[in-house]
Amino acid sequence: MSYGERELMLTGIGGQGVQLAAQVIAQGATAEGKEVLVFGSYGGMMRGGNSDSTVVISDQPIEAPPVLSTTWSAILMHHQFWAPLKERIRDNGLVLVNTSVFEDELVADRYQVVEVPATDVATDLGNPLLAAMVMSGVYGRKSGLVSLAGLAEGMRRSVPPYRSQLIEANEAALAAGWEMAA
Amino acid sequence: MTDRVLIEGSEAMARAAVAAGCRFFTGYPMTPFTELLEHMASLLPEVDGVCMNAESELEAVGMAWGAATTGHLAATGSTGQGLSLMQESLSEITNARLPLVVFNMARGQGDYFQATRGGGHGDYRHIVLAPMDIPEAVELTRLAFELASQWRTPVMVLGDYYLAHTYQAVSVPSIGGADPELPDWALNGSSGGSGAAKIISPLGGGVEGEEGFDLGAHYAACAAHIQEMSAGVDPLVDIGFCEDAELVVAAYGSVGKFVRYACLRLRDDGHRVGYVRPITLWPFPSEAVRDAIAGAAKVAVYEQNMGQMVEDVRLATLGAVPVEFIGGPSWDHSGFGIGPDINVPDISECILRAMQ
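Note that the structure is a prediction, hence the values are computed from the model and not measured. (Residues numbered from 1 in each chain as written. Chains lettered and ligands numbered in written order. Predicted model: local features only at pLDDT ≥ 70, side-chain atom pairs only at ≥ 80, totals over all residues. Heavy atoms only, no water.)

Along chain B, the regular secondary structure elements total 12 helices and 14 strands. Here the C-alpha atoms of chain B give a radius of gyration of 21 Å, agreeing with the 21 Å that 2.2 N^0.38 yields for 356 residues. With the C-alpha coordinates of chain B rotated into their principal frame, the extents come out at 75 × 45 × 40 Å. Classification of the 356 residues of chain B by burial places 57% in the buried group. Put simply, 78% of the contacts in chain B that link residues at least 6 apart link residues at least 24 apart. Total accessible area on chain B stands at roughly 13,900 Å², and carbon and sulfur atoms take up 52% of it. Within chain B, one finds 20 positive and 44 negative side-chain charges whose respective centroids are separated by 7 Å. (Helix = DSSP H or I, 4+ residues; strand = E, 2+ residues; numbered from the N terminus. Rg over C-alpha atoms; globule rule 2.2 N^0.38 Å. Buried < 20%, exposed > 50% of the residue type's maximum accessible area, 1.4 Å probe, protein only. Contact = heavy atoms within 4.5 Å. Areas by Shrake-Rupley, 256 points an atom, 1.4 Å probe, with all protein chains shown as cover. Lys, Arg positive; Asp, Glu negative; His and termini not counted. Charge placed at Lys NZ, Arg CZ, Asp CG, Glu CD.)

Okay, structure coming up:
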């Protein structure tokens, strides 16, 4: 239905790393030679506001416009702003849910739900803010779109210089997610 | 040499501009033009170029005008409101026969007339290019500087919020090549009495031995030049599925990409719909549009406005088939012309209604 294009919609609240996860996955896919498109929207760029992003990955030039009405996959970091996304996930899609904080019903018979206690795993790794990296690791493996090495490269391309001290912890979180998805 | 990177549209266009030889940029921040200005400010010093944050769009276009007279490739830009302020100068710069690239990062599509007709005085037209996405914007930015130099005219690149803020993996040319050679018409600072003084004016020449301020002769020369451009600039257009289409949908820019995608999907479902997406908005690709619709029963024009390009489509098709306007103005509360009205299902519905 999508010309080999794989869509990912991410939703969460500001501060959870939704935009960073989108960048890491997209940069990783770019590093591995894929065609990639990203369009993010976030309310006021503040903690607690809504934060959504759309990523499209393909082996062919991308036909999709920046805003899509349906998606093959989703990463649900938080339930607060997820309502508009609910109907957009296509049948048999791939849905990753951050069970540490997500509180809503999922229609598990319509799509494949992967439960990831991302915030708990990140907390065990030493920093709850690593949850988005854990989730990105799971997504890379479950989707088959980006390798762990690709994600790590994507993360290094995405992290600003003033956050370079977090690169090692981010890598560990990506790897932890990748392992969980085995 | 190119590097393939995941890059924001604004940065991709800025890189393409500098790689094309742009050495002077100026503008006043305004969404969704701001990031382009920011990226030019960070890139131009790398090639010993200059970027100025102007006090207003009036000042910006004035500085760009001055820079263009020196023969260095110059560019400016804004969004519709700022472009309104620049109209007088754009008319004068066109009649002064100066190359200038203008990035119009529009808010929605309400400014098609402003872009293609111009709001300045006089009998002028300039080239307008409308990319649908980042790879195309990179290519058209290069082309804009090439055409501006070749024809000594302003060339507008008409983008929008989607183009400015989407990230896409693209090849962008590397910056830092040799500066382009200065053309022989460029002003070099020689003043009157030096024997080397030149004048570049929207009112024509004024140097001994030239025609002087004969406005009739000057405007006739400008008119001839615009006619020559209108016939000589290659019209660009993207056409799909028109061979057996009952309905052909016309749209441009980012919205054109949504329409294109809607048509692809409707084709999957067996609907005989095609699309035509003008890329050069001036000169309008009338012949290609006429050819594309030759077998269709009807043409529908989707724009995010009250119907502007629809007039050019009607002029191109000259009554050969009915041309229906199926778009409408943006009801995005931010005023930036982004969703919720621009989405594939709603556009598909408009197209299907037009097919009935």
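All names here are of chain B. Strand order across the open sheet formed by 5 strands is E9-E11-E10-E13-E14, with mixed pairing between neighbours. Only two strands of the sheet have a single partner each, and these edge strands are strand E9 (237–240) and strand E14 (323–325). Taken pair by pair, the neighbouring strands of this sheet meet at an average axis angle of 20°, ignoring direction. Relative to strand E11 (residues 273–278), strand E10 (residues 247–250) runs parallel, the two being bridged by 4 bridges. Within E11, the position partnered with Ala250 by the bridge is Val276. (Pairing = 2+ DSSP bridges. Axes fitted to C-alpha atoms, helices over the stretch in contact; angles between N-to-C directions.)

Taking 1.5 Å as the rise per residue, helix H9 (residues 253–268) of chain B with 16 residues should run 22 Å; its terminal C-alpha atoms sit 23 Å apart, in good agreement. Among the 16 residues of H9 of chain B, 15 are classified as buried, and the element is accordingly described as predominantly covered. (Expected span 1.5 Å × (residues − 1).)

Turning to the nonpolar core, a few remarks are in order. Counting residues in hydrophobic clusters, the biggest one holds 92 residues, and the most contacted among them are Phe25, Phe103, Ile127 and Met309 of chain B. It is helix H6 (residues 134–151) of chain B that provides the largest number of residues to this core, a total of 10 residues. The residue makeup of this core includes at least three contributed by each of domain 1 (2–173) and domain 2 (237–355) of chain B. Those residues within four positions of Phe25 of chain B in sequence are excluded, and the remaining contacts are Phe33, Leu36, Leu37, Met40, Leu44, Val50, Cys51, Met52, Ala75, Thr76 and Phe103 of chain B. In this structure, Val24, Val121, Leu151 and Ala173 of chain A belong to the second largest nonpolar core, which totals 43 residues. (Core = buried A, V, L, I, M, F, W, Y, C linked by side-chain atoms within 4.5 Å. Domains from an automatic or database assignment.)

In this section: the pattern of salt bridges. Counted according to the given criterion, the structure contains 22 salt bridges over all chains. The salt bridge involving Arg260 of chain B is made with Glu63 of chain A; its shortest N-O contact spans 2.4 Å. Of this pair, Arg260 of chain B sits in helix H9 while Glu63 of chain A sits in the loop between strand E3 (50–58) and strand E4 (71–76), on two different chains. A residue is classified by how much of its surface remains accessible, and Arg260 of chain B, at 13% relative accessible area, is buried. A salt bridge links Asp179 of chain B to Arg23 of chain B; the nearest nitrogen and oxygen atoms lie 2.9 Å apart. Highlighted residues: Asp179 of chain B in the loop between strand E8 (167–173) and helix H8 (215–232) and Arg23 of chain B in the loop between helix H1 (9–19) and strand E2 (24–27), separated in sequence by 156 residues. (Salt bridge = Lys/Arg side-chain N within 4 Å of Asp/Glu carboxyl O.)

With that out of the way, let us pick up the environment of Leu100 of chain B. Residue and element names in this part refer to chain B. Mapping Leu100 onto the fold places it in strand E5 (residues 100–106). Look at Leu100 and you get buried, because its relative accessible area is 1%. As for Leu100 and Ala74, which are separated by 26 residues in sequence, their C-alpha atoms are 5.6 Å apart. When sequence neighbours within four positions are dropped, the list of residues in contact with Leu100 reads Ala64, Ala74, Ala75, Thr76, Leu90, Ile93, Ala148, Thr153, Pro154 and Val155.

Turning next to the sheet that holds E2 of chain B. The pairing of strands in a sheet happens through backbone hydrogen bonds and is either parallel or antiparallel. Residues and elements named next belong to chain B. Reading across the sheet, the 7 strands line up as E3-E2-E4-E5-E7-E6-E12 and stay open at both edges, with mixed pairing between neighbours. Looking along the sheet, the strands with just one partner apiece sit at the ends: strand E3 (50–53) and strand E12 (280–282). Here the strands of the sheet are splayed against their neighbours by 20° on average, with no regard to which way each runs. Where strand E6 (residues 127–129) and E12 come together, 2 bridges link them in antiparallel fashion. Counterpart to Val128 in the pairing with E12 is Trp282.

Facing 19 residues of chain B, the contacting portion of chain A comprises 24 residues. On the chain B side of the interface with chain A, the three residues burying the most area are Arg4, Leu6 and Tyr261 of chain B, jointly 30% of the side's total. A salt bridge links Glu35 of chain A to Arg4 of chain B; the shortest N-O distance between them is 3.3 Å. In this structure, the connection of chain B to chain A is made through 6 residue pairs in polar contact (both at pLDDT 80 or more). Among the secondary structure elements, those contributing two or more residues to the side of chain B that touches chain A are strand E1 (2–8), helix H7 (161–165), E8, H9 and helix H12 (344–355) of chain B. Take the side of chain B that touches chain A: its biggest share by element is 7 residues, from H9 of chain B. Residue composition of the side of chain B that touches chain A, grouped by class: 11 nonpolar, 3 polar and 5 charged. (Buried area = accessible area lost by both parts, 1.4 Å probe. Polar contact = N/O pair within 3.5 Å; in protein donor to acceptor, adjacent residues only side chain to side chain. Nonpolar A, V, L, I, M, F, W, Y, C, P; charged D, E, K, R; others polar.)

Purely spatial values, then, with no claim about function.
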